[in-house]
Amino acid sequence: MTSMSASPSTHPSVHPGAGEPLLSVRDLRVTFQRQGQEPFEAVQGVSFDVRPGQTVGLVGESGCGKSVTSLAIMGLLPKHGNHVSGTVDYEGTNLLTLSDQEMRDKRGKDIAMVFQDPLSSLNPVVPIGIQVTEVLERHRGLSRKAATPVARDLLDRVGIPDPDRRLKDYPHQLSGGMRQRALIAIALACKPRLLIADEPTTALDVTIQAQILALLKELVQDTGTALVMITHDLGVIAGLCDEVNVLYGGRIVERGERHELFAQPRHPYTHGLLASIPRLDAPRGQRLQPIPGSVSDNLPWTHACAFAPRCSQPIEVCTQVMPELEEQHGRALRCHNPVEGHR
Amino acid sequence: MDNPLNPNRKKQRIDDLAATAGTGGGAGSVAVADLTVGDAGHIAESTGVSLIASAWSRLRRDPVFLLGAFITLAFVLLAIFSPLIAPHDPTAGLLLKEVRPQTNPIPGARPGYPFGADSSGRDIFSRLIVGSRQTLIVGVMATLFGFIGGLTLGTLAGAIGGWVDSVVMRVVDVMLSIPSLLLAFSVAAIAARPSQWTVIVAIATVQVPIFARLLRGSMLAQRGSDHVLAARALGVKPSAIVFRHMLPNSLSPVIVQATLVVASAIIDAAALSFLGLGNPDDRQPEWGQMLGKAQQYIYDHPALAIWPALCIIVVALGFTLMGESLREALDPKSRR
């Protein structure tokens, strides 16, 4: 991994979180039509900003709408059977109103994405090198020949040893961590200003997770790329993100700066998530504290707090009125009865 | 090969085959087992066992495959070198003077003529050997044309989807619902003058819907795959997605099917010639045509029919055994 530090930063240093938002998501709603059933609203009015160079986390358990949010931003949801509303402003352009052609020109060039499973996200019958040059040919108009040294440098940059040989290798010849490195190289090939990483470390084992996260962190710092990190793993958030959005049941329930949020979670869900992490310094014999129930216990947001049935401290109003997202001192919270005090 | 009375079973079988593409697709690509778990810092020393490598290691020890491959190889070599191997000119009436139209129209076996001669005094052994060439040409060409036709239709349906998919697949369903031989007869009967090419076109027509349906199924499986989504997320153009990312990964079940289709093409070709819809020129010997000619002497000289029939059966069996073992070896569900 020594090779990475050798390559100089291509962008001037960008202060994370400074300036106008690069991406501004407002009231994003995604509804899936289901045959013979009520439509299902997977994302119910999500709003958040990503500023240049900033790393923003979207955290939540399975089914809370994280991945659907990212696919909606990328315009990758299936054409039929769903309805997307709201706005996704990228540098003043609403991505949701762009044509397929315009969106294709943006994807991979301005906004790139890294997926969960590094093996199945690479084309099994095409050598790695071709898969890297493909993007360069597509968005930077390079010839295959001109793109090959660039691809080689990219693989080198993400810490793949012997990149000349690896260019000719097929995905199955690389280990899981290498494949994810290759995917990151592909995603960053055209120097996008925004990278969306959808659980990039879930399919990897723990030591490799740490390496991939360190790599991502270093790359976004070097290039000034803004990163949207989608994960269910609070450890990933703790090590990487500047700002954290906690999603529950398709809505943001809490947002805050990383240190503040971890030090003082206000929403009972965030509090429960943090409390359920096993701790090495916990007294012997102390049991894990899970959040009871599952997503299927959710109440509809329209006239309640969806989390109320699983909440540790519900009050009467929780099952009658939907709490609004209230912003205060750079933090946002959607709760009738927030947790008080430090953890 | 198929029960011609049951088109639904035929469709089901094609769809089952297509389903294997999604999970095991990508010829020679999907890692079956990475021998080293390897930390990310180091490249796994093993290159992984590719699908082809694992299939080959199983096929090498599979007696059924070896038998099929042996028959197929022997047949192909025989067809290529047939003029050198045949002891006599297959078109010359060498034993014509032995033919007694009234008493004994078929000269029996004798030294140099192990299977005797036909009613024109031509050596049957040489005709069988030279006939392999026609059989191979018709079988392979028909499969090739059927493959190309099916590839075009299947790609169209699988890549574009929507109403194009519906229209193409309904046409394919109609073709599949007609018993295959009947369809081949109909196409062959349209031609004014039957020839080798009408046989090829007729049989290719029958194969087109099989390939189309199979390819479309595996293309659909590819369309929902992660790497196609990843390619779309990179803004790759739709044409490149189809031809670089979807098609190459969808081909393996279609290629396996092609070996099986050669067998049914050979049988269908023989059937067409037998019924007089094949090449009428008997200076080009062909097994189905020999079988047809043998009909009038079948009670007194059954050997005349048995030899070409046996050739057809053995060759079709060879291709079928090879194709079935290939399919099994490449099927991820049957892999241990």
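All values derive from a computational prediction rather than experimental measurement. (Residues numbered from 1 in each chain as written. Chains lettered and ligands numbered in written order. Predicted model: local features only at pLDDT ≥ 70, side-chain atom pairs only at ≥ 80, totals over all residues. Heavy atoms only, no water.)

1. Here's the deal with the overall build of chain A
So, point 1. Looking only at helices and strands, chain A features eleven helices and twelve strands.
So, point 2. Relative to the globule expectation of 20 Å for 343 residues, the C-alpha radius of gyration of chain A, 21 Å, shows essentially globular dimensions.
So, point 3. Over its C-alpha atoms, taken along the principal directions, chain A stretches across nearly 65 × 50 × 40 Å.
So, point 4. Sorting the 343 residues of chain A into buried and exposed places 53% on the buried side.
So, point 5. In chain A, the proportion of contacts linking residues at least 24 apart, taken out of those at least 6 apart, comes to 65%.
So, point 6. Carbon and sulfur atoms provide 52% of the accessible area of chain A, an area that totals close to 15300 Å².
So, point 7. Of note, chain A has its 35 positive side-chain charges centred 5 Å away from the centre of its 38 negative side-chain charges. (Helix = DSSP H or I, 4+ residues; strand = E, 2+ residues; numbered from the N terminus. Rg over C-alpha atoms; globule rule 2.2 N^0.38 Å. Buried < 20%, exposed > 50% of the residue type's maximum accessible area, 1.4 Å probe, protein only. Contact = heavy atoms within 4.5 Å. Areas by Shrake-Rupley, 256 points an atom, 1.4 Å probe, with all protein chains shown as cover. Lys, Arg positive; Asp, Glu negative; His and termini not counted. Charge placed at Lys NZ, Arg CZ, Asp CG, Glu CD.)

2. Describing the sheet that holds strand S5 (residues 93-94) of chain A
Residues and elements named next belong to chain A.
So, point 1. In spatial order, the strands read S2-S1-S4-S5; together these four strands make up an open sheet with antiparallel pairing. One side of each edge strand has no neighbouring strand; the edge strands of this open sheet are strand S2 (40-50) and S5.
So, point 2. Here two bridges tie strand S4 (residues 82-90) to S5, and the two strands are oriented antiparallel to one another. Within the sheet, the bridge partner assigned to Tyr90 lies in S5 and is Thr93.
So, point 3. Sheet strands in contact with helix H2 (residues 66-74) are strand S1 (23-32), S2 and S4, and its direction is about 110° off that of S1. (Pairing = 2+ DSSP bridges. Axes fitted to C-alpha atoms, helices over the stretch in contact; angles between N-to-C directions.)

3. A closer look at helix H7 (residues 176-187) of chain A
Residues and elements named next belong to chain A.
So, point 1. When the terminal C-alpha atoms of H7 are compared, their 17 Å separation across twelve residues agrees well with the 16 Å that a helix rising 1.5 Å per residue should span.
So, point 2. Counted residue by residue, H7 has eleven buried out of twelve residues, so it is predominantly covered.
So, point 3. Looking at the packing, one finds that the buried side of H7 touches strand S6 (111-114), helix H4 (128-140), helix H5 (144-157), strand S7 (194-198) and helix H8 (206-223). (Expected span 1.5 Å × (residues − 1).)

4. A look at a nonpolar patch on the surface
Residues and elements named next belong to chain B.
So, point 1. A surface patch of nonpolar side chains, about 600 Å² in accessible area, is lined by Leu73, Leu77, Ile80, Phe81, Leu84 and Ile85.
So, point 2. Elements with a contribution of two residues or more to the nonpolar patch: helix H3 (63-80) and helix H4 (82-85).
So, point 3. Take the nonpolar patch: its biggest share by element is three residues, from H3.
So, point 4. Assignment of secondary structure puts Ile80 in helix H3.
So, point 5. According to the relative accessible area criterion, Ile80 is partly exposed, its value standing at 45%. (Patch = residues over 30% accessible without salt bridge, like charges linked within 9 Å, V, L, I, M, F, W, Y side chains within 5 Å. Salt bridge = Lys/Arg side-chain N within 4 Å of Asp/Glu carboxyl O.)

5. Some points on the packing of aromatic side chains
Residues and elements named next belong to chain B.
So, point 1. For the coordinates displayed, the defined rule picks out six aromatic pairs over all chains.
So, point 2. Between Phe75 and Trp287, the ring centres sit 5.9 Å apart and the planes meet at 50°, which makes this aromatic pair tilted. With Phe75 in helix H3 and Trp287 in helix H11 (residues 287-294), the pair connects residues that are 212 residues apart, well separated along the chain.
So, point 3. In this structure Trp287 comes out as buried when scored by relative accessible area, which is 2%.
So, point 4. Both rings, one in Phe75 and one in Phe319, keep their centres 6.2 Å apart while their planes meet at 85°; by these two values the pair is edge-to-face. Highlighted residues: Phe75 in helix H3 and Phe319 in helix H12 (residues 303-330), separated in sequence by 244 residues. (Phe/Tyr/Trp six-rings, centres within 6.5 Å; stacked < 30°, edge-to-face > 60°.)

6. So, the confidence of the model for chain B
Residues and elements named next belong to chain B.
So, point 1. Taken over all residues, the pLDDT of chain B has a mean of 79, while the share at 70 or more is 80%.
So, point 2. For chain B, the element scoring lowest by mean pLDDT is helix H1 (residues 7-24), at 61; helix H6 (residues 162-177) scores highest, at 91.
So, point 3. Two summary scores accompany this predicted model of the complex, namely pTM at 0.76 and ipTM at 0.83. (pLDDT = per-residue confidence, 0-100.)

7. A short note on unusual backbone geometry
All names here are of chain A.
So, point 1. A positive phi is found at Asp27, a non-glycine position, where the angle reads about 50°.
So, point 2. Relative to the elements of secondary structure, Asp27 occurs in strand S1.
So, point 3. Non-glycine residue Asp162 carries a positive phi angle of around 55°.
So, point 4. Mapped onto the elements of the fold, Asp162 is located in the loop between H5 and helix H6 (163-166).

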